[in-house]
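# Observations on the three-dimensional arrangement
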Amino acid sequence: MATKELRAAESNGFGQVTENGKTAEGSENENPPERDDEQKKWNMERNWGFSLDEIFGLALKFFKEMNGKAFNPTYEENLRLVALHKQVSLGPYNPNTGPEVGFFDVLGNDRRKEWARLGSMAKEDAMEDFVKLLNSCCSLFAPYVKSHKIDKEEQERRIKEEEERLRAEREEQERQKQEKERQSKLEEERRKQEEEVRRKQEADLLLMVEQKRQIMAALNAQTTVQFQQYAQRQFPNSPEQQQLLIQQLQEQHYQQYIQQAYQVQQKQQTSAKTKSAQLTSQSNEIEPVRNPESESLKSQEAYSKPCNLFVDGSPGEVAILAPSMWTRPQIKEFKEKMAQDAESVITVGKGEVLTVRVPTHEEGSYLFWEFATDHYDIGFGLQFEWPNTNGTSAENQEAGQTKEEKKKSENHIGNSLPLVNEVVPIYRRDSHEEVYAGSHHYPGHGVYLLKFDNSYSLWRSKVVYYRVYYTR
C-alpha cells in the first residue's frame, strides 16, 4: 500500500496529503512543523485521553500482545505497522546501516521496502499513523484504550485523594499542635493559680497556727495550775498520763473559747443586721429575725464535728488502708525454699476454704505475705478481725454449738462478735505461674485472716506454699 494512499485515507480534518506533501488544493501547508506537531498531540490527547507518546505506547503493547490473538491484520497492514514502528524507534530507513536481508527472505524484503517508502516521515507522524491504522484494523483497540483511560483516571483520583488526605493530616497536626500549645498555656496558668492558692493556704495555716499558739499560751497561763491538780488526782502515779490529760484539757478549753468567741461574733452580726433591717424598712411588714441562740447552737455543732478524734482506734473508727500487691516470676526457687519447712506447705482439699489466722505483732506495723501453688490456681482473699471484748473469736464461739444454741445465743452474743473488715476480696489467682505477694499496714490490734479458697474445685486438692511475716 502506498504511503500517499494511506495518509490520504486516514487524514482527520487536516486536508488530504499528496505524495509531494501538499494539500489537495495543491498548496503547501502553511503551518510550521512545530505547530503541526503540537496540534496533532493535542488532537490525540483530546480524542483518546492520552498524550501522543502514551497512546503510541498502548498501541504498540496491544499490537505485540494481541497480534494473531485478538485480531488478525492483513499482510499489508502488518507490513505497514511494522514499518511505522521501525520509523518511530530507528528513524528513516538507511540502506547503509540497515541489516542485510537475504534474497529469499520475502517477509524481510517486503518490510524493508515498506519502511523505505516512509521516507523521512517525522516520528510524531509515524506514531499517529500507527495508532490510526491499528484502530482501523482492530475494533478491540478502542475499548482497550478506554479501560486504560479509566485506570488512569482512577489512579489520578487516588493520587488526588491521597494529596487531600495528606493535606488534611497536616492541617490536623497543625491544629493539634496549636491545641497542645493552648492546653500547655492553660495548664501552666492553672499550675500558677494552684501554687498561689497553695501558698495562700499555707500562709493562712501558719497564721492560724500562730494565733492558736498565742491564744493557747494565754489560756494555759490561767489554767495550768488547775489542770495539773486535776490530773494528779486522776493519775497520781503516772506522770505520762497526767501530761496527756493536761494536753487534752487544754485543747478542750481552747475549743470552748473559740466557740464562745464565734457565738459572740455571730450575735453581733445578727444584731447589726436586725437593726439595719428595722431602720431601712419602709413597709409595715415584719422582718423575720433569726434566733441568735439557735444559730449559735448550730454553729457550735458545725464547728465541733471536725474536732472528734478517735484516739483509742476502736473498730469502725479507723479506716482500712488499701493493700499493696505484686507478683514475681521466681516461683520455682520460692517453692523449693518453702518446701524445706513443713509448716509452710499446706493442702487445701477439694471444695474447701482454708483460713490461716495471723495475729498482729506488737513490734510490727506491716503484714507481708507470699504464696504459690502446684499446677493449678487458687482463690485468695484477706480479712482483718478486730479483737473482741470478751477475748473470744467468732470462730471459737461458733465451734461446738448446736443450731438451737446458736439461735438462742444470737441476741446475747450478737453485740460481742468481733468486727471483720475485708482487705482483699477473694479472687482466683494464677499462683501456679508466679508468686503472689502483698503487704498491708496494721489498722490496729487484731488478727489477719488469710483465705485460701478451693470451693470451686470439686475434683482437685491444691498444694499451697506460703510465707507470712511482719515488719516495721
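Preceding this paragraph is the structure being described.
All chains use their own residue numbering, which begins from 1 and follows the written sequence. Reporting in this predicted model follows two pLDDT cut-offs: at least 70 for local features of residues, and 80 or more for side-chain atom pairs to be given and counted; totals over whole chains, interfaces and linings ignore these cut-offs and use all residues. Note that water and hydrogens are dropped before the side-chain values are worked out from all heavy atoms of the structure.

### Structural notes on the environment of Lys-123
Our working rule: Numbered from the N terminus, helices here are DSSP runs of H or I no shorter than four residues, and strands are runs of E no shorter than two. Categorising residues by exposure relies on relative accessible area from a 1.4 Å probe, with only protein chains included: less than 20% of the type maximum marks a residue as buried, more than 50% marks it as exposed, and the intermediate range marks it as partly exposed.
With respect to the helices, strands and loops of the structure, Lys-123 is situated in helix α6 (residues 123-137). Lys-123 sits in the partly exposed class, given a relative accessible area of 44%. Remark: the alpha-carbon pair of Lys-123 and His-85, spanning 38 residues in sequence, is separated by 9.5 Å.

### Observations concerning helix α4 (residues 75-90)
What sets the pattern is the α-helix's 3.6 residues per turn: residues three or four places apart point alike. Selection rule: Given the number of residues in a helix, its expected span is that number minus one, multiplied by 1.5 Å.
With 16 residues, α4 should reach 22 Å at 1.5 Å per residue; the first-to-last C-alpha distance of 22 Å fits that figure. Residues of α4 that are buried: Leu-79, Arg-80, Leu-81, Val-82, Ala-83, Leu-84, Gln-87 and Val-88. Just downstream of α4 lies Gly-91, where phi reads positive at about 90°.

### Here we look at the nonpolar core
For clarity, the cut-off: Definition used in this section: a nonpolar core is a set of buried Ala, Val, Leu, Ile, Met, Phe, Trp, Tyr and Cys residues joined via side-chain atoms within 4.5 Å. A contact between two residues is defined here by any heavy atoms of the two lying within 4.5 Å.
Counting 30 residues, the largest nonpolar core has Ile-55, Phe-62, Phe-63, Phe-71, Phe-130, Leu-134 and Phe-141 as its most contacted members. When residues of this core are traced back to their parent elements, those giving at least two are α3 (52-66), α4, α6 and α7 (141-234). With eight residues, α3 is the single largest residue contributor to this core. When near neighbours in sequence (up to four residues on either side) are disregarded, Phe-62 contacts Asn-67, Phe-71, Leu-134, Cys-138, Leu-140, Phe-141 and Tyr-144. Counting 21 residues, the second-largest nonpolar core is a separate cluster that includes Phe-371, Ile-378, Val-423 and Tyr-442.

### Regarding the pattern of salt bridges
As a reminder, the rule being used: By convention in these notes, a salt bridge is any Lys or Arg side-chain nitrogen within 4 Å of a carboxyl oxygen on Asp or Glu.
Applying the stated rule across the entire model yields 27 salt bridges. Glu-154 is the salt-bridge partner of Arg-158, the closest N and O atoms lying 3.4 Å from each other. You can see Arg-158 and its partner Glu-154 sitting in helix α7, four residues apart, about one turn around the helix. With a relative accessible area of 28%, Glu-154 lands in the partly exposed category. One salt bridge in this structure joins Arg-167 and Glu-164, with 2.7 Å as the shortest N-O distance. Taken together, the residues Arg-167 and Glu-164, both in helix α7 and three residues apart, mark about one turn of the helix. Taken together, the shared-partner salt bridges connect Glu-187, Glu-188, Arg-190, Arg-191 and Glu-194 into one network.

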